[in-house]
Structure formats: C-alpha cells, structure tokens
Amino acid sequence: MRDASVVIVGASTAGAAAAYTLRAVGHEGPITLVGAEDTAPYERPPLSKTVLTAAEEPEAVWLLPTDTYASRDITLRLGAPVTSVELASGGFSLTIEDREQIAADVVVLATGGRARRPAGLPEDPRIHVLRTWADARALRAHMRTAHRALVLGSGLIGAECAASASAQGLDVEVLEMQTTPFPSIASRAVRTTLLRTFAEHGVRFRTGVTVNNCTPTDDGLVVQLSDGTVLEVDLLVVGIGIEPATELAERAGAATERGVLVDESMRTSVPGLYAAGDVASRRLGGRLIRHEHFASAQAQGEAAARAIAGLEPVPLPTPWAWSDQFSHRLEVPGEPDAADYTRLRQPGDGQIVEFSIADSRLVGLTALDQPRVVREARRLIGGRLRGSANDLERTDVPLKQLVDAP
Amino acid sequence: MEERANGVNSGGESTGADDLVWIDACLTDDLPAGEMRALESDPPVAVYNVEGEFFSTADTCTHMKSSLNEGYLDGDQVECALHMATFCVRSGKATSLPATLPLRTFDTRVAGNQLQVSVPRAWVSEG
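Quick notes on the rules
- Residues numbered from 1 in each chain as written.
- Chains lettered and ligands numbered in written order.
- Predicted model: local features only at pLDDT ≥ 70, side-chain atom pairs only at ≥ 80, totals over all residues.
- Heavy atoms only, no water.
- Pairing = 2+ DSSP bridges.
- Helix = DSSP H or I, 4+ residues; strand = E, 2+ residues; numbered from the N terminus.
- Axes fitted to C-alpha atoms, helices over the stretch in contact; angles between N-to-C directions.
- Contact = heavy atoms within 4.5 Å.
- Salt bridge = Lys/Arg side-chain N within 4 Å of Asp/Glu carboxyl O.
- Phe/Tyr/Trp six-rings, centres within 6.5 Å; stacked < 30°, edge-to-face > 60°.
- Lys NZ or Arg CZ within 6 Å of the ring centre and 35° of its normal.
- Core = buried A, V, L, I, M, F, W, Y, C linked by side-chain atoms within 4.5 Å.
- Buried < 20%, exposed > 50% of the residue type's maximum accessible area, 1.4 Å probe, protein only.
- Domains from an automatic or database assignment.
- Right-handed = clockwise from strand over helix to strand, strands pointing away.
- Polar contact = N/O pair within 3.5 Å; in protein donor to acceptor, adjacent residues only side chain to side chain.
- pLDDT = per-residue confidence, 0-100.
- Buried area = accessible area lost by both parts, 1.4 Å probe.
- Nonpolar A, V, L, I, M, F, W, Y, C, P; charged D, E, K, R; others polar.
- Disulfide = S-S within 2.5 Å.

### Notes on the sheet that holds strand 2 (residues 31-34) of chain A
Residue and element names in this part refer to chain A.
- Spatial strand order, 3-2-1-7-19: five strands in an open sheet with parallel pairing. A single partner strand is all that each edge strand has here, and the edge strands are strand 3 (74-77) and strand 19 (273-275). On average, adjacent strands in this sheet sit at an angle of 20° to one another, irrespective of strand direction.
- As paired elements, strand 7 (residues 106-109) and strand 19 share three bridges and run parallel to each other. Each residue of the ladder has a partner; that of Leu109, found in strand 19, is Ala275.
- Running at roughly 170° to strand 2, helix 1 (residues 13-24) makes contact with strand 1 (6-9), strand 2 and strand 3 of the sheet.
- Where helix 8 (residues 294-308) meets the sheet, its contacts fall on strand 1, strand 7 and strand 19, and the angle it forms with strand 19 comes to roughly 160°.

### What about the pattern of salt bridges?
- All told, the structure shown has 32 salt bridges over all chains when counted by the stated rule.
- Close ionic contact of Glu53 of chain B with Arg90 of chain B constitutes a salt bridge, the shortest N to O distance being 3.3 Å. A residue pair is termed long-range when its members are at least 10 positions apart, and Glu53 of chain B in strand 5 (residues 53-58) and Arg90 of chain B in the loop between strand 8 (86-88) and strand 9 (94-96) qualify at 37 residues.
- Several salt bridges share partner residues, and in doing so they unite Arg375, Arg378 and Arg379 of chain A together with Asp74 and Glu79 of chain B into one network.

### Describing the packing of aromatic side chains
Residue and element names in this part refer to chain A.
- Throughout the structure, instances matching the rule amount to eight aromatic pairs over all chains.
- Judged by centre distance (5.7 Å) and plane angle (75°), the rings of Phe198 and Phe205 are edge-to-face.
- Of the aromatic side chains, those joined through ring pairs into one cluster are Phe182, Phe198, Phe205 and Phe326.
- The aromatic ring of Trp320 is capped on one face by Arg378, whose charged end is 5.9 Å from the ring centroid.

### As for the nonpolar core
Residue and element names in this part refer to chain A.
- The biggest cluster of nonpolar side chains holds 76 residues, and the ones touching the most others in it are Ile8, Val85, Leu94, Val107 and Leu109.
- Each of domain 1 (6-113 + 242-308) and domain 3 (334-401) gives at least three residues to this core.
- With sequence-adjacent residues up to four places away left out, Val85 is seen in contact with Phe92, Ser93, Leu94, Val107, Leu109, Leu248, Arg251 and Ala252.
- By size, the runner-up hydrophobic cluster in this structure holds 33 residues, among which are Tyr42, Ala163, Phe198 and Leu368.

### Brief notes about unusual backbone geometry
- Here the residue pair Asp42 of chain B and Pro43 of chain B is connected by a cis peptide bond, since its omega of 0° sits within 30 degrees of zero.
- By the secondary structure assignment, Pro43 of chain B is in the loop between strand 3 (36-39) and strand 4 (45-50).
- In the segment running from Leu97 of chain B into Pro98 of chain B, the intervening peptide bond is cis, with an omega of 10°.
- Position of Pro98 of chain B relative to the elements: it lies in the loop between strand 9 and strand 10 (105-106).
- The backbone of Met266 of chain A sits at a positive phi, close to 70°, despite the residue not being glycine.
- Tracing the chain through its elements places Met266 of chain A in the loop between strand 18 (260-261) and strand 19.
- For Lys65 of chain B, which is not glycine, the phi torsion reads 65° and is therefore positive.

### Section: the pairing of strand 11 (residues 171-176) of chain A
Residue and element names in this part refer to chain A.
- Along strand 11, five of the six residues are buried, which leaves the element largely enclosed by surrounding structure.
- Relative to strand 11, strand 10 (residues 148-152) runs parallel, the two being bridged by five bridges. The residue of strand 11 that forms the bridge with Ala149 is Val172.
- Read from strand 10 through helix 5 (residues 156-167) to strand 11, the crossover connection turns out right-handed.

### A look at the side chain of Thr108 of chain B
Residues and elements named next belong to chain B.
- Residue position: Thr108 is located in strand 11 (residues 108-111).
- For Thr108, a relative accessible area of 2% puts it in the buried group.
- At 3.1 Å, the side chain of Thr108 forms a polar contact with the backbone oxygen of Phe54.

### Considerations on the sheet that holds strand 4 (residues 82-88) of chain A
All names here are of chain A.
- Taking strand neighbours across the sheet as the criterion, the three strands line up as 4-5-6 in an open arrangement whose pairing is antiparallel. Since the sheet does not close on itself, it has two edges, and those belong to strand 4 and strand 6 (100-104), each with one partner. The average undirected angle you get between the axes of adjacent strands in this sheet is 25°.
- Judged from the five bridges that link them, strand 5 (residues 91-96) and strand 6 form a sheet pairing that is antiparallel. If you follow Phe92 over to strand 6, its bridge partner there is Ala104.

### Section: the confidence of the model for chain B
Residues and elements named next belong to chain B.
- In the predicted model, chain B carries a mean pLDDT of 87, and the fraction of residues at 70 or more is 85%.
- Across chain B, the secondary-structure element scoring lowest on mean pLDDT is strand 1 (residues 2-4), at 40, and the one scoring highest is strand 5, at 98.
- In the predicted structure, residues 1-14 sits below a pLDDT of 50 and forms 42 contacts with residues beyond four places in sequence or in another chain.

### Description of helix 4 (residues 133-143) of chain A
- When helix 4 of chain A is considered as a whole, its buried residues turn out to be Trp133, Asp135, Ala136, Leu139, Arg140, His142 and Met143 of chain A.
- Where helix 4 of chain A is buried, its residues meet helix 2 (50-53), strand 9 (127-129), helix 5 and strand 16 (235-238) of chain A.

### Some remarks on the interface of chain B and chain A
- Each side of the interface is counted separately: chain B has 16 residues, and chain A has 21 residues.
- When chain B packs against chain A, the two sides together hide about 1500 Å² of surface, and 56% of this comes from carbon and sulfur.
- If you sort the residues of chain B by the area they bury against chain A, Tyr72, Met84 and Leu97 of chain B come out on top, with a joint share of 38%.
- Seen at the junction of chain B and chain A, the total is four salt bridges.
- For Glu79 of chain B, the salt bridge identified is with Arg378 of chain A, shortest N-O distance 3.0 Å.
- At the junction of chain B and chain A, the tally comes to nine residue pairs in polar contact (both at pLDDT 80 or more).
- For the side of chain B that touches chain A, a count of residues per class yields eight nonpolar, five polar and three charged.

### Focus: the state of the cysteines
- For the structure shown, the criterion picks out zero disulfides over all chains.
- Residue Cys161 of chain A stays outside any disulfide, its sulfur separated by 16 Å from that of Cys214 of chain A, the closest cysteine.
- Cys161 of chain A gets classed as buried once you look at its relative accessible area, which sits at 0%.
- With no disulfide of its own, Cys26 of chain B lies 20 Å from the sulfur of Cys88 of chain B, the closest cysteine sulfur.

Below, the structure written as structure tokens:
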C-alpha cells in the first residue's frame, strides 16, 4: 500500500497531520489534501483567542509551514468542497462541487463539523458562529465597532469568545441554557473560579434560559429570552457546539453514531475509508466518545496515516483539552466525565486540580493554572491509586508516588 | 580544557554565515542532569544537561514561539509546555507534531567549571 493514492477530505488539523505523517513514515503514493475553505490548513485554537483580540489585522497560524506541501509532494486543493465519496472499482470516486471527479485508493474523512444554530434564528451579519478563519475575521471586525455582545452558550468556544469580547472592551452577557455556567467543565471549583474571574471583568451570566426569537433592527438585535426578558445587543455569538459532518461517510455506506464510527486505527466500517478528528466517534468500554480538541485531532490524523502505511497502531495518547480564558489556562487531560468521585487540590489562590477517579484509577483531571501537575498527571491517567484517594489533595508528594503508571 | 562539539548547526534558521562567539552559559554545577535553562540572549538560547552531556538549542519553539525552558526535559527530548511539541536537543529535530521545523543547535564546551555555548555574536551584543 506504499504506493496507494490517498485523498484526505478536510484541510484540517486531523487532515494535515495525516498528510504530513504519511510522508514522514515513507508513503510513496500520491497524497491529496482537499479543503472546502480557500485558506491553507490553519490552527483553529487561536480563532477564539488571539485572532479576536488582535490589535492589527490578524494572520492565520499555519498548521504546517506553507512550503511543506510542495516540499513533501502533497497536493493541496483549496476552495474545493467534496460533495460525494462513492465506492468505485477497488477504491473510491470523489466529486468536488458536482463538477470534478477524483479517484483514490484510500480516503480519509477529516470533515470536522458545522457550528450549530438554534432553529428560527434569522440570517443576519450581526449573528455570528465561530468555526472557520472567515468566521473569526468577521467576528473580530464586528467586535471592533460593537458595544454590546450577547454570547449564546458557555462551553469552551462560548466562554473564550465572551472573554475575548470583554477584553476588547465590549459589554458582554452570556446565556447558558443549562442551570450552571460552563456546564462542560466537570469541576465545580473550576467553574466557580472562572465565574468569579468573568464577573470581575464585568461579564454577566444568565442560566436556564434560551432564545425565543431574535429580531434584527436598524440599531441592532432585539433578543427575546424564554423567561420573557428582552435584550438589545449589537452582536450575537452562537457557541452551542457542532454537528459532526457525517454526510459523506453516510453516503459511502459507513456506520455512524453521533459521528463516523472508527476503531483505534481510525478505520470506518468501509474498507479503505478512514475518519479522523471532530467527525470521528469511537466506542470505548461501553462509552461513545468523540473529541473536539486539537491534540486528539492531530493524534487521530497520525493514527490514520500509520494504519494506511501498514504500521502497527500505537495507543492514542490521553486526550488533552485546553482553553485560555482571560489570564486562566484550563486544562482537561483524560476523561473526567467517567469519574465515580473526585478529589480536589488547591495549592494556591485560584489554582485548582480536581482529580477524577473511577474504580480506584485516575481517569482524568480538571486543572486551572497548574501546567506542571497536568504534565505529570497526563502520564499517570489510567493508573491505579497506590493509597488513599485523599493523598491526591497533598501538594508535598509527587504524583507518581501516589498513582502507578498505567 | 575539555571541548566537546556536539552541535552541527543544522537547524532550520541557520544562515550559515553567522559570526559565532563563545559565551559563558552557567556553572556546570548549576545545571544538574535532567535540567535546562535559558540564557539571556536575544533571541534566547537554551542549554540542557542530558545525563551529564550538555547540549544547546534555540529556546523558541518553532511551532508558536513559546519558550522551551518553560516546558519539560525528558531524556534528550524537550517538550513545549504550550502544545506538547517535542524536539531532540542533540539534533534539534522536531520529533512530534505540531512542530515540524527543527531548532537551531549550538556547540557547547566546558571550560573549568563553566559551561560555554557558541552563539551568533549578534544574539548577545549589547544594544
């Protein structure tokens, strides 16, 4: 398979990692990386952070130096939305925008997802989602003239957008339909500290409410909430998650379940068809997992490449998500959601590590401004506790003395 | 004087025509095995002690310009604290994504109890 032709759909973190790794492990066949956007593969994490707060016109951060594609003989096709992937004799036939067919022996779907929008929200340039470079540039430009921002959703993207808007001097209010701000963060201590920081910056939260309707006017947006409140704002950011872009996989006959189902080598149910990144879901110990984070996307792209090259799979690394909100760095390695119980360590003001434990094993942690503990703990996730879980609260004992390496 | 040239200046930003100068990095006793530190050059240079062998590279991650000495040294691999890119401090080679470009490397030597590094004169000149 060293000379197989590989087409990677999605010029994304997972897609670029797959292309780069294929060449790095000696794949000799043609590699084509096809992207719907006009921009070379770029990093998404800065879109909700430094891109929004940039004083000067921001520049994209490239995933790979832009001369990498030519120097490694990777064909980059940009502005080329793939509209179908079909089985053809011994391989696949892909259609780009209903006009052009390309053939492939192997296809990697790194199609990511689309930002969700609540039903009934009108199309208006003052209503933003944040997924692409174009989205981020439009939002940044609008933030520079707007005064009042409403952010729908307090997941990582919503929270980062709210922090960035506040840092840009906007008056910011956040709506969370669940009863708690930052509901995706497993640690209550971390949520409380973040909420305090947001409040110190004047960001207000309303929880347990949704948007009933939104009416564009000459002066802004009139937003009516489910509790009857009416807000007038200049811009609305919708940050309520993504829908994985599974259509191509479904049309090709691959099994999907809240994502394109893959094994640990990113193989779908269709031989020769792989999926990686936000779009890929996996069954693991009875749980269905789908990660929407940079490190997972990169690792999955690498895993797909290794499998295509016929190499032994290496275990996927421990998941690791991070988020920068005001001066805080939130890091979430592992799977805190899988915890039976937790133990809290608070070494200093605002510094928090909450350890998540299941079956006497460390399964994840939620940490605020504790990079060194996170780094140490990452290698121990999955490992069994040596003694009492209460010892995890101590700051005077190295973690590796408390948890066996997995 | 013990001299050990272990860098090959094969790094990505090498211009090939730099005027190099030996500078004192630190006392060898101040850089125990497994540790690293950055020198106050501009741009900064990092020195590493890998089980008694000294190495030196640029301190700036080639991915997003974070300072590598704020990361972690594990054997001969330095890991960036920001996004977990790793580099071999012997060769400067990027050994894991998201970094792909190598770090520039610099020769080191031990003069008495001083660790010295050969860096571009322009990186350490005043003003």
